[in-house]
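# Structural features, examined
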Amino acid sequence: MELGPFGGRFEALAIDRGQAIVLLERMVVEIQARMRLCRAEGVRSIWPLPEAIRPVPVVVIVDELAELYLNDGSREGREESEHCGTLLLRLAQLGAALGVHLVLAGQRVGSDLGPRVTSLRAQLGGRIAHRAHDEASAEMTLGDLNADAVIVAQTISEEEQGVAVVATGGRWTRARSRQVAPEEVDEVARTRGPAHPFLSRPDALQKGGGAA
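This next bit is on the overall build of the protein. Counting its secondary structure elements, the protein contains seven helices and five strands. For the protein, the sequential pattern of α-helices and β-strands runs α-β-α-α-β-α-β-α-α-β-β-α. When burial is assessed residue by residue, the protein has 35% of its 212 residues classed as buried. Relative to all contacts within the protein whose residues are 6 or more apart in sequence, the contacts with residues 24 or more apart total 62%. Surface summary for the protein: the accessible area is close to 12,600 Å², and the carbon and sulfur share equals 51%.

If you want it as structure tokens, here you go:
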């Protein structure tokens, strides 16, 4: 629902875990295609490639990460959860040099979601934490980067709406996000993305629709 207004900007939109698995699998296919291109051109990333053949960057946004990891205890649920975790970890480990970037959002990103979440979190150097109600929530986001940042995240008051702690490269700073007006959302939504962002052009990715 949060990302729905931006549907025109997306190459694909998955709205449940089944669709997300299909989409993530196709993203792995995409990074493999980009790896083959880099090997053929003798480079270690897409960035030294000539502009004419350089793939455009792709951003994978996951809103409410926990939805991909929670399961109902059934065998199918466990397998889906583990598969999602494996696919996300592969994208995090290999994607940056290939122009595929992850933006992950969640209320809680802790080990209670499973060991794959911990492994994924270790691959994410840039963190943003808004006001935390308890130490455990701040620790999940910032604890492995900077202990001081955990304390600062807990000191953000209710009156400081939009204030967050941003941690990257072993350092942290306070920052404030800007509220986006509805008319600005509409303007962004009307802007089209790149015509052909995928080298692999997977049939499973339907423009502006679900990945199924």
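All right, on to the pattern of salt bridges then. Where side chains of opposite charge bring their charged atoms close, a pairing between them can arise. Under the defined criterion, the tally for this structure stands at five salt bridges. In this structure, E30 engages R34 in a salt bridge whose closest nitrogen and oxygen atoms are separated by 2.7 Å. Placement of both E30 and R34 in helix α1 (residues 17–41) is noted, with a separation of four residues, approximately one turn of the helix. The pair E30 / R34 is uniform in exposure class, with both members buried. Linking R174 and E160 is a salt bridge whose minimum nitrogen-to-oxygen distance equals 2.7 Å. A residue pair is termed long-range when its members are at least 10 positions apart, and R174 in strand β5 (residues 171–176) and E160 in the loop between α6 (147–155) and β4 (163–168) qualify at 14 residues. Under the relative-accessibility criterion, R174 is labelled partly exposed at 38%.

Next up on the list: the pairing of strand β1 (residues 58–63). Residues V58, V60 and V62 of β1 are buried on one face, while the alternating residues V59, I61 and D63, pointing to the opposite face, are not. The pairing of β1 with strand β2 (residues 100–105) spans six bridges and is parallel. Bridged to V59 within β2 is H101.

Now for the confidence of the model for the protein. The share of residues in the protein with pLDDT of 70 or more is 90%, and the mean pLDDT across the chain is 81. Looking over the protein, one finds the lowest element-wise mean pLDDT in helix α5 (residues 135–142), namely 75, and the highest in α1, namely 93. This model gives residues 204–212 a pLDDT under 50, and the stretch forms 28 contacts once residues within four places in sequence are excluded.

Bringing the sheet that holds β4 into the picture now. Hydrogen bonding along the main chain pairs the strands of a sheet, whether they run parallel or antiparallel. Strand order in the open sheet formed by three strands is β3-β4-β5, and the pairing between neighbours is antiparallel. In this open sheet, the two edge strands, each paired with only one partner strand, are β3 (127–130) and β5. Taking each pair of neighbouring strands and ignoring which way they run, the sheet shows an average axis angle of 25°. In terms of strand pairing, β4 meets β5 through six bridges, oriented antiparallel. Its bridge partner lying in β5, V163 is registered against R176. Relative to β3, α5 is tilted by about 165°, and along the sheet it contacts β3 and β4.

Before going further, it helps to spend a moment on the environment of A96. Along the chain, the position of A96 falls in the loop between α3 (75–94) and β2. Counting along the chain gives 50 residues from A96 to I46, while the straight-line C-alpha distance between them is 9.5 Å. If we ignore the near neighbours within four places in the chain, the residues touching A96 are W47 and H101.

Residues M27, L68, Y69, L88, L91, L102 and L120 are the most contacted members of the largest nonpolar core, which totals 29 residues. Broken down by secondary-structure element, the contributors of at least two residues to this core are α1, β1, α2 (66–69), α3, β2 and α4 (115–122). Ranked by the residues each element gives to this core, the list is headed by α1, at eight residues. Core analysis: the second largest hydrophobic core is formed by twelve residues, A129, V150, V163 and A167 among them.

Moving on, we get to the side chain of Q19. Assignment of secondary structure puts Q19 in helix α1. There is a polar contact of 2.9 Å between the side chain of Q19 and the backbone nitrogen of I15.

Calculation criteria
- Sequence order as written defines the numbering, with residues in each chain counted from 1.
- Selection of residues for local features in this predicted model requires a pLDDT of at least 70, selection of side-chain atom pairs for listing and counting requires 80 or more, and totals for whole chains, interfaces and linings are taken over all residues.
- Computation of side-chain values: all heavy atoms of the structure, hydrogens and water removed.
- Secondary structure elements follow DSSP: runs of H or I no shorter than four residues count as helices, runs of E no shorter than two count as strands, and numbering proceeds from the N terminus.
- Relative accessibility decides the category of a residue: with a 1.4 Å probe and only protein chains considered, values under 20% of the type maximum give buried, values over 50% give exposed, and everything between is partly exposed.
- Note on contacts: a residue pair is in contact if any heavy atoms of the two residues lie within 4.5 Å.
- Areas reported here follow the Shrake-Rupley algorithm with a probe of radius 1.4 Å; residue values treat only the protein chains shown as occluding.
- The rule for a salt bridge is simple: a side-chain nitrogen of Lys or Arg has to be within 4 Å of a carboxyl oxygen of Asp or Glu.
- The rule for pairing is simple: two strands pair if DSSP sees at least two bridges between them.
- The pLDDT score gives, residue by residue, the confidence of the prediction method on a 0 to 100 scale.
- Whenever a helix is involved, its axis is fitted only over the stretch in contact; in every case the axis is a line through C-alpha atoms, and angles between N-to-C directions fall within 0 to 180 degrees.
- Note on terminology: a nonpolar core comprises buried Ala, Val, Leu, Ile, Met, Phe, Trp, Tyr and Cys residues joined through side-chain atoms within 4.5 Å.
- Two N or O atoms count as a polar contact when they lie within 3.5 Å, although within protein this holds only if one can serve as hydrogen donor and the other as acceptor, and sequence-adjacent residues are included solely when both atoms are side-chain atoms.

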